[in-house]
Amino acid sequence: MRAQASLFLLLGLLVALAGRLFGLQVLRHEDMAAAGARQRSRTRTLVSLRGDILFLDGSLAARSVMVRDYYVDPSRVRDPARLASAVAAALGRDPAWAARLAADVHRSRSRRERPIARRLQAADCMAMRAVDVPEMHLDAAERPLAIYSRETPLRLYPRGTLAAHVLGLVRYEDQELRGMAGVEAARDGILRGEPGHRVENVDALGRPIFLDHALGATGRAPRDGETVRLSIHPEVQAACERVLDEAVGRWQPRGACAVILSPADGAILAMASRPAFDPNARVTLDPAATKDLCIAARYEPGSTFKPLVAAAALEAGAVRLDEVIDCEDGIFRVPGTRRVLHDHHPYGLLSFPEVIIKSSNIGMAKVGLALGDERLRDAVLAYGLEGRTGLGLPGEVEPQVTPAARWSTYTTTSVPMGHEVALTPLALAAGYAALASGGVWHRPYLFLPPEGRRGAPPGRRVLEEATARAMTEILVRVVEEGTGQRARLEGVAVAGKTGTAQKREPGGRYSHSRFVSTFVAYAPAEAPRAVVLVLVDEPRGAYYGGTVAAPAVRSILEAVLPHIPRCTTTGSPDEGRNGNGEGC
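Residues numbered from 1 in each chain as written. Predicted model: local features only at pLDDT ≥ 70, side-chain atom pairs only at ≥ 80, totals over all residues. Heavy atoms only, no water.

1. Quick notes on the nonpolar core
Note the cut-off: Among buried residues, those of type Ala, Val, Leu, Ile, Met, Phe, Trp, Tyr and Cys that are joined through side-chain atoms within 4.5 Å constitute a nonpolar core. Three exposure classes are used, based on accessible area relative to the maximum for each residue type with a 1.4 Å probe and protein chains only: buried under 20%, partly exposed in between, and exposed over 50%. Secondary structure is summarised from DSSP: a helix means a run of H or I of at least four residues, a strand means a run of E of at least two, and numbering begins at the N terminus for each.
Ranked by size, the top nonpolar core spans 92 residues in total, and within it Leu 230 and Leu 446 carry the most contacts. For this core, the leading source of residues is helix 16 (residues 425–436), giving ten residues. With 39 residues, the next largest nonpolar core counts Leu 244, Ala 542, Ala 552 and Val 560 among its residues.

2. What about the sheet that holds strand 25 (residues 530–537)?
Applied cut-off: Pairs of strands are assigned from DSSP output, requiring at least two bridges between the strands. Helix axes are fitted only over the stretch in contact, all axes being lines through C-alpha atoms; the angle between N-to-C directions runs from 0 to 180 degrees. Any two residues whose heavy atoms approach within 4.5 Å are treated as being in contact.
Taken in spatial order, the five strands line up as 13-12-25-24-23 in an open sheet, and their pairing is antiparallel. A strand with exactly one partner marks an edge of an open sheet, and here the two such strands are strand 13 (268–274) and strand 23 (495–504). Ignoring which end each strand starts from, the neighbouring axes of this sheet average 10° apart. For strand 12 (residues 255–261) and strand 13, the ladder comprises six bridges, and the chain directions are antiparallel. Within the sheet, the bridge partner assigned to Ala 256 lies in strand 13 and is Arg 274. Where helix 9 (residues 234–251) meets the sheet, it contacts strand 12, strand 13 and strand 25, and its direction lies at approximately 30° from that of strand 13. Set on the sheet, helix 16 makes contact with strand 12, strand 13, strand 23, strand 24 (510–523) and strand 25; between it and strand 25 the angle comes to about 150°.

3. Concerning the packing of helix 11 (residues 306–316) against helix 17 (residues 465–481)
Let me state the cut-off plainly: Each angle gets one of four labels, with under 35 degrees taken as roughly parallel, over 145 as roughly antiparallel, 65 to 115 as roughly perpendicular, and the rest as oblique. Crossing handedness follows the turn of the near helix against the far one: under a right angle anticlockwise gives a left-handed crossing, and clockwise gives a right-handed one. Residues are sorted three ways: Asp, Glu, Lys and Arg are charged, Ala, Val, Leu, Ile, Met, Phe, Trp, Tyr, Cys and Pro are nonpolar, and all the rest, Gly among them, are polar.
Close contact between helix 11 and helix 17 brings their axes to 10 Å; oriented N to C, the two are set at 140°. If you check the angle between helix 11 and helix 17, you find them oblique. Note that helix 11 runs across helix 17; the crossing there is right-handed. Residues Pro 307, Ala 310, Ala 311, Leu 314 and Glu 315 of helix 11 lie in contact with helix 17, whose contacting residues are Thr 467, Met 471 and Leu 475. A class-by-class count of the residues in the contact of helix 11 with helix 17 yields six nonpolar, one polar and one charged.

Structure, rendered in structure tokens:
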């Protein structure tokens, strides 16, 4: 009986085992095969290279390269000190670095992976391959014993800080570089490309056994990103930043910025902001320094806004060029209000041009009253101040104009002086470009078509050519005999206007100690090739725009005009291409 019971038990176990095997081998065959395949292989993402960013002349502004991150498996290291010494010698590290690596590897025996060095480029990778320690050799199954590497993309900016605020930044996320500011963010979908993948065989610990470099049916090749071309002229940008740095060093401001536009088509030739940053040095980056003041900060323009309103008044027939305006000896009570306006100097009778040249607040307030609320507001919005410029860069803020429902006589007399309106430096420069181009306002642009040739987007006429020419003649006198004399250039007629705007305090009152100094100009006045704006926020030691900003504009014009060809409004260079090979 005992033998029969044992036999039945054995048969029962065999039947159960057969059933189990049948379930695994037949009923769950596909599931088990898939699980085994997952244990034997792994799908690795193949990173695409981010597209290049090019300047106007085709030179490189940003490029991605593949680098390697090196790792060690501490559990397979036989002699941590020997390995660390060999790696340190290959990478040019000091003995202290080698000692730290050896100690870390020794402490991490239970870990499977510990990074040794990141972002190594070709020369260092060659040195790593020449390291001769047992841990760097392969065994009979071609499995790496202890040290291995993985490819990863690295973004490089060959010109360092040049145009950094325009170019922006990237971050490493999900094995990809993704734009987080500037052009990198604005054109991220174009620059990023599409990753691929490859199937690898791995051992029981998940380490690669070998790689099948011929993708075939085992993967998909990555698609690299496309190239983005900019209107930024690198030599003009470099000169602009050099002068801006000199101004910052001289006046120690809270911030500063500069814009250079082509009045023929609105192309942005240079755009710089301070404080500066180096996009290559992410570890030491100050996030506050990445703000582009040209588009991400609003300022009341002060007296630099007067020519735009004055031109609109001329255009509407609200004033005449030969009109004489009583500036009330420097004190004027606005009719129907308790408001009293003052000028810096007690002017009496001034001609309309002299109101601009001497920058009389009282004279401009009377121009605003003659123009009237509706025409004044329409004139303000005509210069593109109804919204953002449409540049396409992240962080750009909209201009602020007092809403029509809250418009009052106070507003009517404030706006002509550059108060109750706040706009970005880029928007103000675009307004002056309309004067320089003969009355046609062009939307500023930065991005070029793939072939890299500049082409003028359609403009919008905001002034008759005769009106723009008359205002240009007045602005030349501002530089020759008025507040902008420090912007005079030998042999070149410069048209420009100073601005010294008081900043608002938190309670809304205007400060008597915090100022924004601005100068905007274009040259040569008879056939403008460049509009230049320099803004210095809270300078120390002086604050008048003619003292702080005008000399910087003069230096920029002197440096950049030889690099800028004259263009027609259709975007064709009148004199062919310049020395760098780029046209308009």
